[in-house]
Amino acid sequence: MVAGQVARDLALKVEQLPDEGSSADVVERLEMLGGAANQAVGCRQLGWSAGLVGVVGDDDAGRALLAAAGADDLDIEGVRIRQGGTTALYVDVVEAGGARRIFDHVPEEVLLTAADIVAAEPMLSAARAVLIQLQQPSEAVLAAIDIAARGDALVVVDGFPEDSRVLETVLSSAHVIRADAAEAPTLVGRELSGVADTVAAAISLAADSSAVVALAAEGAANVLAWQGGHVVLPLIPGTTVDATGGGDAFLAGLVSALLLGADPETAGWEASAAAALTVGRLGGRPQLDARRVSDLARESRREAT
């Protein structure tokens, strides 16, 4: 189960962003189910049943997203339709070469509340893994972690909490902690400089939390640390069209491998392969095949060593 923002994603590819007062032709356009759903879709593509806990508005966009989630074979019983609400929108504008700008419109009424989480308790309690976006309101995040932990799920958190209460709960209850390069400094409480510094931060966080910690080092690598070990995962070579979905695919690959009993290092390579197979396409939606992910993970690990 994935608890977080359910949003409409609009991805636009242009050759170059226009200067002020001018325009640019869109050479590719995609509209899709996005936000937290990308993680659920990735898990589903890797062979797991998956569902969403989130909120959409009672508008055409919300209805379209629910239909899309159903077409992806996602459990949407935990998605609430907020009367009078406007469904969240993410706009991803990508230049040739991969530079991107992201715009978002997330009205307060379509953020998760603690009541939404409690309503989804039967699904969260039964899940083998619960993935929680920390950017949601604190009370909702705390409720989700509590229910997932009591249900004996693998508790997976993504992002950084602004509330110190949430951070304390994450450190005591989460089994997997993940942050991208922009989020990692806030999560660890200081600026990070390069891969070596990110390794030190991940090792320290893993020691404090007993979790598997995944931190991204901008443009260079992902670092995975756990009690007793760590690994630096260089970005797998390939053409990056749009990095938007890389983090979600990484987390889906990591969780899938851990649920299958892989050790953290092996799971990290699976995660890196899932990310590499996603960033070569426009938009945040993954398109994963379990065998292809595993083959690329083994090949990349062999070449790295």
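Scroll up for the structure.
It should be emphasised that the depicted structure is a prediction, and the values quoted were computed from it without experimental measurement. Residue positions are given per chain, counting from 1 as you read along its sequence in written order. With pLDDT at 70 or above as the cut-off, local features in this predicted model cover only qualifying residues; side-chain atom pairs require 80 or more to be listed or tallied, and sums for whole chains, interfaces and linings still use all residues. As a rule here, side-chain values come from all non-hydrogen atoms in the structure, and water together with hydrogens is ignored.

**Q** I tried to follow the layout of surface pockets on my own but got confused; where do I start?
**A** Left-over empty space is what a probe sized like a water molecule reveals as it rolls over the atoms. Here a cavity denotes grid points, spaced 1 Å and computed from the protein atoms alone, that fit a 1.4 Å probe unable to get out, and a pocket denotes an open set having protein on both sides within 12 Å along at least 5 of 7 lines; residues with an atom within 4 Å of a point are the lining. Grid points are joined across faces, edges and corners, and a volume is the space filled by probe spheres set on the points. One number sums up the size of the second largest pocket: a volume of about 240 Å³. Surrounding the second largest pocket, 14 residues form its lining, M1, W48, S49, A50 and A129 being those nearest its centre. Put simply, DSSP H or I for four residues or longer makes a helix, DSSP E for two residues or longer makes a strand, and each gets a number counted from the N terminus. Secondary structure elements with two or more residues in the lining of the second largest pocket: β8 (129–133) and α9 (246–259). Across the lining of the second largest pocket, the residue classes tally to 10 nonpolar, 2 polar and 2 charged. Gly falls in the polar group here, along with every residue not listed as nonpolar (Ala, Val, Leu, Ile, Met, Phe, Trp, Tyr, Cys, Pro) or charged (Asp, Glu, Lys, Arg).

**Q** Looking at this model, I keep getting lost on the environment of A144. Mind explaining?
**A** Looking at the secondary structure, you find A144 in helix α5 (residues 138–150). By relative accessible area, A144 is classed as buried at 1%. When the C-alpha positions of A144 and D242 are compared, they lie 31 Å apart, and in sequence the two are 98 residues distant. The contact criterion used throughout is that any non-hydrogen atoms of two residues lie within 4.5 Å. Residue contacts for A144: discarding those within four places in its chain leaves I117 and I132. To sort residues, take the accessible area from a 1.4 Å probe on protein chains only and compare it with the maximum for the residue type: under 20% means buried, over 50% means exposed, and anything in between is partly exposed.

**Q** Explanation requested: the sheet that holds strand β3 (residues 26–35) in the structure shown.
**A** What holds strands together in a sheet is hydrogen bonding between their backbones, with the strands either parallel or antiparallel. Whether two strands pair depends on DSSP finding at least two bridges between them. Strand order in the open sheet formed by 4 strands is β3-β2-β6-β7, with mixed pairing between adjacent strands. Looking at the sheet topology across the chains shown, the edges are occupied by β3 and β7 (100–105). Within this sheet the neighbouring strands show an average axis-to-axis angle of 15°, counted without direction. Axis definition: a line fit to C-alpha positions, over the contact stretch in the case of helices; interaxial angles, taken between N-to-C directions, run 0 to 180 degrees. Across the sheet, helix α1 (residues 37–45) is in contact with β2 (6–14) and β3; its angle to β3 comes to roughly 85°.

**Q** Even after reading the chapter, I still don't get the nonpolar core, so can you show me in this structure?
**A** Nonpolar side chains in soluble globular proteins generally cluster together in the buried interior. Buried Ala, Val, Leu, Ile, Met, Phe, Trp, Tyr and Cys residues form a nonpolar core when they are joined through side-chain atoms within 4.5 Å. If you look at the biggest cluster of nonpolar residues, it comprises 49 residues, and the most contacted ones within it are L52, L74, L224 and L254. It is α9 that provides the largest number of residues to this core, a total of 8 residues. Aside from chain neighbours lying at most four places away, what touches L254 is V176, L224, A267, G268 and A271. In terms of nonpolar packing, the next biggest core, distinct from the first, is built from 45 residues, M123, A144, A153 and A174 among them.

**Q** Whenever I open this one, unusual backbone geometry confuses me. Can you help?
**A** Trans peptide bonds make up most of the peptide bonds, and negative phi angles are found at most residues other than glycine. The phi angle at D73 is positive, at roughly 65°, despite the residue not being glycine. Within the secondary structure layout, D73 lies in the loop between α2 (60–71) and β5 (75–82). One non-glycine residue, D152, adopts positive backbone phi at about 65°. When you line up the elements, D152 lands in the loop between α5 and β9 (154–158). What makes D152 exposed here is its relative accessible area of 70%.

**Q** Would you explain the side chain of D72 in this entry?
**A** The residue D72 is located in the loop between α2 and β5 in this model. In terms of polar contacts, D72 uses its side chain to reach the side chain of R285, at 2.7 Å. Contact partners of D72, with chain neighbours within four places excluded, come to L33, V41, R44 and R285. N or O atoms within 3.5 Å of each other form a polar contact, as long as, within protein, one can give a hydrogen and the other can take it, and as long as residues adjacent in sequence are counted only when both atoms are side-chain atoms.

**Q** It is not clear to me how the pattern of salt bridges should be interpreted in this structure. Could you clarify?
**A** Side chains that differ in sign of charge can pair as their charged atoms come close. What makes a salt bridge here is a side-chain nitrogen of Lys or Arg within 4 Å of a carboxyl oxygen of Asp or Glu, nothing more. For the coordinates displayed, the defined rule picks out 15 salt bridges. Put simply, R80 and D116 hold a salt bridge, and the shortest N to O gap is 3.5 Å. Of the two residues, R80 sits in strand β5 while D116 sits in helix α3 (residues 114–119), which places them 36 residues apart along the sequence. Taking the relative accessible area as the measure of exposure, R80 reaches 33% and is therefore partly exposed.

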